[in-house]
Amino acid sequence: MSAAEAPATAGPQGPGGRGKSGSPRQIPVVGVVTEDEDAQGALKPTDLSRITKLLEETGKDDLEEKQLKCVKKLVQYYQNGFPLRDVAQIFTILNLCAGKIENQPCFIEPAHDIIKLCRLPFLKKKVSDEITYAEDTANSIALLGDLMKIPSSELRIQICKCIVDFYHAEPPKKRITGYQQASSTYKIQMAEVGGLAKMMVQSLALLENQLVEKLWVLKALQHLSTSEVNCTLMMKAQAASGICVHLNDPDPSGQLLFRSSEILWNLLEKSSKEEIVQQLSNLECLLALKEAFKHLFMRGFSHYDRQLRNDILVITTIIAQNPEAPMIECGFTRELILFATFNEVKSQNPLVKGLKLSNSYEDFELKKLLFNLIVILCKDLPTLQLLIDGRVVLALFTYVKKPEKHKITEWSAAQSEELQLHAIATLSSVAPLLIEEYMSCQGNARILAFLEWCESEDSFFSHGNSFHGTGGRGNKFAHLRYTLRLLRAMVYLEEETVNQDLCEQGAIQQLIGIFKNTISKFNDKEEAIILEIQSDILLILSGLCENNISRKEIFGTEGVDIILHVMKTDPKKFQSGVGYSVLLFSTLDSIWCCILACYASEDYFLEKEGIFLLLDLLALNQKKFCNLILGIMVEFCDNPKTAAHVNTWRGKKDQTAASLLIKLWRKEEKELGVKRDKHGMIIDTKRPLFTSFQEEQKVMPLPANCPTVAVMDVAENIRAKIYAVLGKLDFENLPGLSTEDFVTLCIIHRYLDFKIQATHKQRELANKSWENFLARTSNAKTLKKAKRLQEKAIESSRHSERPPNAIFHQTDIKGLNTTVPSGRVVVVESTPARLVGGPLADTDIALKKLPIRGGALQRVKAAKIVDDPRKSIPT
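Keep in mind it's a predicted model, so treat the numbers as computed, not measured.

Draft legend 1. Inspection of the overall build of the protein chain at higher detail. On a plain count of helices and strands, the protein chain comes out with 43 helices and two strands. Each of the 875 residues in the protein chain was classed as buried or not, and the buried ones make up 47%. Taking all contacts inside the protein chain whose residues are at least 6 apart in sequence as the whole, residues at least 24 apart take part in 73%. When the accessible surface of the protein chain is totalled, it reaches about 45600 Å², and 53% of it is carbon and sulfur.

Written as structure tokens, this is what we have:
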């Protein structure tokens, strides 16, 4: 060891002794270290214990000087870091120094120096030391949080610096022989185990008016909040609300708002989001967020300010998803709506007077965040009036037009396109809630005009480089997709004013034309988006034409043609997962809503072999389509021309429609677990249609507006529809049936009879109940037997053991021969009042001989118990 290293690592030799360098040494307080220990660079535990005892002593005159000197020597000795085995004792010494600060401020410096050394990595002699001393180290690090209570700015700042250095560890100045550094994350892990983050949050309450210290604590918490464990601890300490309410505290540096928002971000991401939102959903926190956002929106001009403004807006958006958050009460909602629309709708509000947005990336992101926030706010119904006052629908409709250079903000072409698509998507959520505003803005006319532009051939290059622009690069498919979604949302309100206005403006013909154009433009690259567009068009047409014959006539043959086109799609594509299945569902819905009940369209559909196509789809045997196709078949069979088409159809292997339907019946019964023998004959004659599901189904109470299991059975399985189709074919002269088919056909033919059978069973049970009642009222023995059985059942339902000190109240009326629940008052409706003279005067009437007199029954003194059963009064 060199002479230069001696003060840091060498121990004393003894009184008057010399070190290896030959220089004289003073007598230290820390004790004696041998050459072997000197090479290891460690103190004996007894030496640290001696320092501890010295610091615990009181009352001597020169004690303070000795204590300070020994701690100073300690700090000098460990200037390259603390060994893990000594950490617990060193922190005990630190705690003793801290305890003396209030009365002896001179101990601030040694405490400060010890904490400063904690910024260095801990040292381990063995690999196992990290595990062996984990508990002691965790408790020691937790002590740092407890020391924040000491009213010393210097000490508090040093503690925070120490915590920050956990995440940016500095290497020791010199390497100690026989020791190596603990892992770089060891202190971080021990801080989590010791709960340091929670104590640091609690220390914020002590720093209300001490900005510098508060900023250092926030910096420490910012680092600590990168861990899920620490975020959970901070959440339990109510860190979110405690930090949020102080967002607007005076701070010339601007660090307070930045670090606070970063901590809130981390808490939302790494702990329970719901709990953090709940902590922030109070008036005080929202007012703080409101003021911070408003200040940055109006007076923030730097890149840093705009970025911070957007971060706070995202936090606000997350809070706004909580319906309990008082967004309206604090006035935040009204101001956010103003900031979202002032660019499109002129406002005289002083908050936005002279305010402009630039085409910077941050302002562009702000605009999109505000659109997104409007979608969230509109879910809260009280917000709707604020949306009306802010003319949000009108502001959003300014984007539903042919793209052009923006008059207010010079957005780039790509930015303009993305904002346009985002505004249309926002309208899909807002407009259905504000129908009057939608109509006053001539929403239908604007949408149809924009659809016309989407179909035009003018030069336009879509960038398609955003979420909403997916699949629309170099074309207008993205615009078409979102505009049709908006139109579909409005049509599905079933608001006749909106739908009638659309039809009067030629929406049906225009949509059919758009569908035809998408067929001509179809390509594999945009396959998914085109299929979605086609599905939406068919759904809109279904919504417009449903239950309206005149609109079905407008749909006409052109509409039938596009439906037939979809039905001719290669069946293999329905399993591709791209969107063909959805398109087919939309097509079947269109048949139901746009063709059925319009005889001209039905006839044209039949002429174009539409029934053949339906049966082809049914023959695919895809369960998700069968129910809907069979429902359409049932309705089509009301047309007298349909039967000939059904009987003419042939499938694979010359299969007939009747054979297909019977095959589907057998398949359905097999899936439902209906009992049949190998020939398809009935096994359980008492329950010929009973399914295994019905056997397993337990009796459950249902509200009156819920359909029963029997109704759901008819609605969900296809047997009733197959019966209806075959019934309309008269069950006779059905071609192409096998012997097994004829057996199944007989069961299908008796389907309704087997369903009445259940009704007969209910009637039988009701009749049996009535017969039992008559037997009890006409035969005394039967009545007594029923009474005994009832009493036995009541007794068996009671607890066998009574609670101690319980008072038992008799609820039975002795001697009353009835088998219905009885109270203290019995009204006998079967016996005329003129025969008994009025209300019962005695509850023991059945056991007494009572004369019949005028008026009420009277108690007779010489009453005698009569066992003659004929004297009992039945009820």
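That covers the picture; the talk isn't over yet.
Draft legend 2. Local environment of helix H27 (residues 496-504). Turning to H27, its buried residues number three or more, namely Val498, Asn499, Leu502 and Cys503. The buried side chains of H27 occupy one side of the element, clustering within an arc of 130 degrees when seen end-on. Where the residues of H27 are buried, they touch helix H24 (435-440), helix H25 (443-455), helix H26 (477-491), helix H28 (507-520), helix H29 (527-545) and helix H30 (549-567). One or two positions beyond H27, positive phi appears at Gly506, with a value near 80 degrees.

Draft legend 3. Here's a closer look at the nonpolar core. Formed by 234 residues in total, the largest nonpolar core has its most connected members in Met200, Ile591, Leu614, Phe636 and Leu726. With 10 residues, H29 is the largest single contributor of residues to this core. Not counting the four nearest positions on each side in its chain, Met200 is found in contact with Gly145, Met148, Cys160, Ile163, Val217, Ala220, Leu221 and Leu224.

Draft legend 4. Quick look at helix H18 (residues 303-320). Over its 18 residues, H18 extends 26 Å from the first C-alpha to the last, a length consistent with the 26 Å expected when each residue adds 1.5 Å. Looking at H18, one finds that the buried residues are Arg306, Leu308, Arg309, Asn310, Ile312, Leu313, Ile315, Thr316, Thr317, Ile318, Ile319 and Ala320. Here the buried face of H18 lies against helix H15 (255-270), helix H16 (273-280), helix H17 (283-299), helix H19 (332-341) and helix H20 (361-377).

Draft legend 5. Main features of unusual backbone geometry. At Gln442, a residue that is not glycine, the phi angle is positive and equals roughly 55 degrees. Relative to the helices and strands, Gln442 resides in the loop between H24 and H25. Phi angles above zero are rare outside glycine, and Asn733 is one such case at about 55 degrees. Among the structural elements, Asn733 can be located in the loop between helix H39 (719-728) and helix H40 (739-749). With relative accessibility at 75%, the residue Asn733 sits in the exposed group.

So, how was this worked out
Residues numbered from 1 in each chain as written. Predicted model: local features only at pLDDT ≥ 70, side-chain atom pairs only at ≥ 80, totals over all residues. Heavy atoms only, no water. Helix = DSSP H or I, 4+ residues; strand = E, 2+ residues; numbered from the N terminus. Buried < 20%, exposed > 50% of the residue type's maximum accessible area, 1.4 Å probe, protein only. Contact = heavy atoms within 4.5 Å. Areas by Shrake-Rupley, 256 points an atom, 1.4 Å probe, with all protein chains shown as cover. Arc of directions from axis to C-beta. Core = buried A, V, L, I, M, F, W, Y, C linked by side-chain atoms within 4.5 Å. Expected span 1.5 Å × (residues − 1).

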